[in-house]
Amino acid sequence: MQEREGHAVWLAHTEQDTIDLAQQLAAWVKPGALLALDGDLGAGKTRFSQAFAGAIGVEGIVNSPTFTIIKEYKGEQLPFYHMDVYRLSLEEADELGLDDYFYGNGVTIVEWASLIKELLPPERLELFIEHLGGDSRRIQLTGIGELYADWCKALNEIGAGR
Ligand SMILES: Nc1ncnc2c1ncn2[C@@H]1O[C@H](COP(=O)(O)OP(=O)(O)O)[C@@H](O)[C@H]1O
Ligand SMILES: [Mg+2]
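Residues numbered from 1 in each chain as written. Chains lettered and ligands numbered in written order. Predicted model: local features only at pLDDT ≥ 70, side-chain atom pairs only at ≥ 80, totals over all residues. Heavy atoms only, no water.

- Labelled according to an unreviewed UniProt entry, the chain appears under the name tRNA threonylcarbamoyladenosine biosynthesis protein TsaE, originating from Paenibacillus prosopidis.
- The annotation that UniProt attaches to the chain under Sequence similarities (unreviewed entry) is "Belongs to the TsaE family." (UniProt positions renumbered as here; feature names shortened; annotations may be inferred.)

In structure tokens, the structure reads:
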């Protein structure tokens, strides 16, 4: 069965605009939610993740998990799993048993998610961050599945008023 899809574009002219998006998504988040991030080095995947973590009540510093692959944090309401799969082969990622995170009680953000597309649950929010020069970013969102398609719909309504 084909999942319902939604689309939205969030233009961030400043870093704060990216933070605003992260905070908005954090307000909607549910256990088992998955945010799949892509975009070149320096696009803002980790910055977005930090803002998201702060918004769900993770205390302390959220660093790039490039070398650790997966970091677990305790949020106020739910655990936060932050992954960076840039250095992993598909086989290595498969062996990590990522489903325990994806289908767990927390919320997962994966940086470079498209590298392990085959291993991702079908329902997810994909964010593609594009560097437009300076602090400007274009964030293209694709929501796959009811929940995430609804988020995109709501973002379009918010975005139109920005
Ligand atoms: N609009 C913006 N959104 C996100 N990050 C921004 C923005 N403007 C400037 N930045 C800066 O760009 C850098 C993004 O780095 P980072 O989040 O580590 O990228 P990535 O994880 O995609 O490699 C940070 O230093 C951040 O402060
Ligand atoms: Mg990063």
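**Overview of the overall build of the chain**
Here is step 1 of the chain: Across its full length, the chain holds five helices and seven strands.
Here is step 2 of the chain: The helix and strand sequence of the chain, counted from the amino end, reads β-α-β-α-β-β-α-α-β-β-β-α.
Here is step 3 of the chain: For 162 residues, the compact-globule estimate of 2.2 N^0.38 gives 15 Å, and the C-alpha radius of gyration of the chain, at 15 Å, lies within 12% of that figure.
Here is step 4 of the chain: C-alpha extents for the chain along the principal axes are approximately 45 × 40 × 30 Å.
Here is step 5 of the chain: In the chain, which comprises 162 residues, the share counted as buried stands at 49%.
Here is step 6 of the chain: Excluding contacts between residues fewer than 6 apart, the proportion of contacts in the chain whose partners are at least 24 apart in sequence is 64%.
Here is step 7 of the chain: Per element, the accessible surface of the chain, about 8300 Å² overall, is 49% carbon and sulfur.
Here is step 8 of the chain: Side-chain charges in the chain split into 13 positive and 26 negative, and the spacing between the mean points of these groups amounts to 5 Å. (Helix = DSSP H or I, 4+ residues; strand = E, 2+ residues; numbered from the N terminus. Rg over C-alpha atoms; globule rule 2.2 N^0.38 Å. Buried < 20%, exposed > 50% of the residue type's maximum accessible area, 1.4 Å probe, protein only. Contact = heavy atoms within 4.5 Å. Areas by Shrake-Rupley, 256 points an atom, 1.4 Å probe, with all protein chains shown as cover. Lys, Arg positive; Asp, Glu negative; His and termini not counted. Charge placed at Lys NZ, Arg CZ, Asp CG, Glu CD.)

**Details of the nonpolar core**
Here is step 1 of the chain: One finds L25, L35, F48, F52, F80, L127 and L141 to be the most contacted residues of the largest nonpolar core, which totals 51 residues.
Here is step 2 of the chain: With five residues, helix 1 (residues 15-28) is the largest single contributor of residues to this core.
Here is step 3 of the chain: Excluding anything up to four places from it in sequence, L127 contacts L21, L25, L35, A36, L37, D38, F48, I139, Q140 and L141. (Core = buried A, V, L, I, M, F, W, Y, C linked by side-chain atoms within 4.5 Å.)

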